[in-house]
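# Architecture and fold: a report
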Amino acid sequence: MSKTRYITAGLSTIMAAALGISTAMATPLVTTWKTATLPQVKALLAKDSGKVSGKTVTYSGKTVHVVAAAVLPGFPFPSFEIHDVKNPTLDIPAGATVDVTFINTNKGFGHSFDITKKGPPYAVMPNIKPIVAGTGFSPVPKGGKFGYTDFTWHPTAGTYYYVCQIPGHAATGMFGKIVVK
């Protein structure tokens, strides 16, 4: 991504904050955020029930557990990581109950993990609708701990996208595809 896109994204975030505009711009979601230490984050990441093949994580069964992290150390900003893969495609069986754990390990920014049917490209100031499930805006991690939350989703067959709705994040690549079949 070009330096100009990152500058634009940063300026958009500052403008949104100065104007009192919600930077997540998502439908309000009821989410309880908890804190975790790094060893707890590693334990949470190990609970993902998918299997990796290339840039795809495939899930099976009636209940699946997706664990996504925002900007793990060693990965480029901004991105999601699932099973140590940057922004993978998720293959999920139709009819499954999907339990999602989203972890924000980025100490400089809040993030969101929201699911939509709207595909890319995404605007720098996203207003992605409808959001069918997700976290809404996460708090910025503080005090050496990281933030995480959980939600449950019951998808029907189709193609969806997981996105970060913080201004500039999805526009610069913080999104991935979900195929439910």
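Residues numbered from 1 in each chain as written. Predicted model: local features only at pLDDT ≥ 70, side-chain atom pairs only at ≥ 80, totals over all residues. Heavy atoms only, no water.

What follows is about the nonpolar core. The biggest cluster of nonpolar side chains holds 27 residues, and the ones touching the most others in it are Leu90, Ile92, Phe113, Trp153 and Ile178. Contributing elements (two or more residues each) for this core: β4 (63–70), β5 (80–82), β7 (89–92), β8 (97–104), β11 (146–153), β12 (158–163) and β13 (175–180). For this core, the leading source of residues is β4, giving four residues. Not counting chain neighbours up to four residues away, the residues in contact with Phe113 comprise Ala68, Phe80, Val100, Phe102, Gly134, Thr135, Gly136, Phe151, Tyr162 and Val163. Counting residues in each nonpolar core, the second largest holds nine residues, with Ala36, Val41, Ala69 and Phe146 among its members. (Core = buried A, V, L, I, M, F, W, Y, C linked by side-chain atoms within 4.5 Å. Buried < 20%, exposed > 50% of the residue type's maximum accessible area, 1.4 Å probe, protein only. Helix = DSSP H or I, 4+ residues; strand = E, 2+ residues; numbered from the N terminus. Contact = heavy atoms within 4.5 Å.)

Right, let's talk about the pairing of β4 for a bit. Along β4, six of the eight residues are buried, which leaves the element largely enclosed by surrounding structure. Pairing analysis gives eight bridges linking β4 to β8, with the strands arranged parallel. The residue of β8 that forms the bridge with Ala70 is Asn104. Inspection of the sheet shows β4 paired to β5 by two bridges, in the antiparallel sense. Its bridge partner lying in β5, Ala69 is registered against Glu81. (Pairing = 2+ DSSP bridges.)

Residue position: Thr135 is located in the loop between β10 (131–134) and β11. Judged by its relative accessible area of 2%, Thr135 falls in the buried class. Here Phe113 takes part through its backbone nitrogen, which lies 2.9 Å from a polar atom of the side chain of Thr135. (Polar contact = N/O pair within 3.5 Å; in protein donor to acceptor, adjacent residues only side chain to side chain.)

What follows is about the side chain of Ser138. As for its placement among the helices and strands, Ser138 is situated in the loop between β10 and β11. With a relative accessible area of 0%, Ser138 lands in the buried category. Contacts of Ser138, omitting those with residues within four sequence positions, involve Trp33, Phe102, Asn104, Gly110 and His111.

Here we take up empty space enclosed by the protein. Tallied over the entire structure, the rule returns one cavity of 30 Å³ or more. Its boundaries defined by the atoms lining it, the largest cavity holds a volume of some 30 Å³. In this structure, the largest cavity is lined by Val66, Leu90, Ile92, Val98, Val100, Phe113, Ile115, Trp153 and Ile178. At the level of elements, β7 and β8 are the ones that each hand at least two residues to the lining of the largest cavity. Residue composition of the lining of the largest cavity, by class: nine nonpolar, no polar and no charged. (1 Å grid on protein atoms, 1.4 Å probe; cavity = no way out; pocket = protein on both sides within 12 Å on 5 of 7 lines; lining within 4 Å. Points joined across faces, edges and corners; volume = space filled by probe spheres on them. Nonpolar A, V, L, I, M, F, W, Y, C, P; charged D, E, K, R; others polar.)

Ordered by their spatial adjacency, seven strands build an open sheet running β2-β3-β7-β13-β12-β9-β10, and the pairing between neighbours is mixed. Edge positions in the sheet fall to β2 (51–53) and β10, since each of these pairs with one other strand and no more. When the angles between neighbouring strand axes are averaged without regard to direction, this sheet yields 25 degrees. Sheet topology places strand β9 (residues 114–116) next to β12; three bridges connect them, and they run antiparallel. Within β12, the residue paired with Asp114 across the bridge is Val163. (Axes fitted to C-alpha atoms, helices over the stretch in contact; angles between N-to-C directions.)

Ordered in space as β1-β11-β8-β4-β5-β6, the six strands form an open sheet in which the pairing is mixed. In the strand order of this sheet, the two ends are held by β1 (34–36) and β6 (85–86), each with one partner. Two strands pair when backbone bridges link them, and β5 and β6 are joined in this way by two bridges, in the antiparallel orientation. Looking across to β6, one finds that Ile82 is bridged to Val85.

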